[in-house]
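Architecture and fold: a report
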Amino acid sequence: MSTETRPGLDELAGCVERLVTWLRRSTAVPGYSVTSRLTLARLQADGPARISDLARLEGVTQPAMTGLVNRLEAEGLVTRSADPTDARAALVALTGTGRAFVESRRAERVRVLTARVERLSEADRAAILAALPALDRLSNLS
């Protein structure tokens, strides 16, 4: 499917990029990279995972993910345990502190988005809410 046959997709891509960039900057946490925040959110959503799987899913090398997990573990946000299916591997899981961190980040994103959305017209707010089911389906396609 090309953008020539689907008007608006280039605009959608640009809008999503601008929105994500603005939201990341507005809710950044000093000392935590985007990859670290995404990894923590993934662990909360999907549960414990191997470092190799986290590396693949986040698009980084296994040594880079190992370093990230080491830092997150030192900060008490994740723990490692033996993988019951493979004694050579470890599973990484969120701690209670890690879960609280992810939840506080989400609450901050909601707060920042709410402040901005409230500045829109009622019609714009309704249009955004009406688009949510389709956007959710789009984000979940594999």
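Below you will find a few notes about this structure. Values in this document were obtained by computation on a predicted structure and should not be read as measured data. (Residues numbered from 1 in each chain as written. Predicted model: local features only at pLDDT ≥ 70, side-chain atom pairs only at ≥ 80, totals over all residues. Heavy atoms only, no water.)

**Description of the packing of aromatic side chains**
For any pair of aromatic rings, the description consists of the separation of the ring centres together with the inter-plane angle of the planes. Applying the stated criterion across every chain, the model contains one aromatic pair. With centroids separated by 4.8 Å and ring planes inclined at 40°, the aromatic side chains of tyrosine 32 and phenylalanine 101 adopt a geometry described as tilted. Taken together, the residues tyrosine 32 in the loop between α1 (9-26) and α2 (34-46) and phenylalanine 101 in helix α5 (residues 96-117) connect sequence positions 69 residues apart. (Phe/Tyr/Trp six-rings, centres within 6.5 Å; stacked < 30°, edge-to-face > 60°. Helix = DSSP H or I, 4+ residues; strand = E, 2+ residues; numbered from the N terminus.)

**Regarding the sheet that holds strand β1 (residues 49-50)**
One open sheet accounts for three strands, arranged β1-β3-β2; its pairing is antiparallel. Both outer strands of the open sheet, β1 and β2 (78-83), are each paired with one neighbouring strand and no more. Examined bridge by bridge, β1 and strand β3 (residues 86-94) share two bridges and lie antiparallel to one another. When the sheet's bridge partners are listed, alanine 49 is paired in β3 with valine 92. Against the sheet, α2 touches β1, β2 and β3, its axis set at about 100° to β3. (Pairing = 2+ DSSP bridges. Contact = heavy atoms within 4.5 Å. Axes fitted to C-alpha atoms, helices over the stretch in contact; angles between N-to-C directions.)

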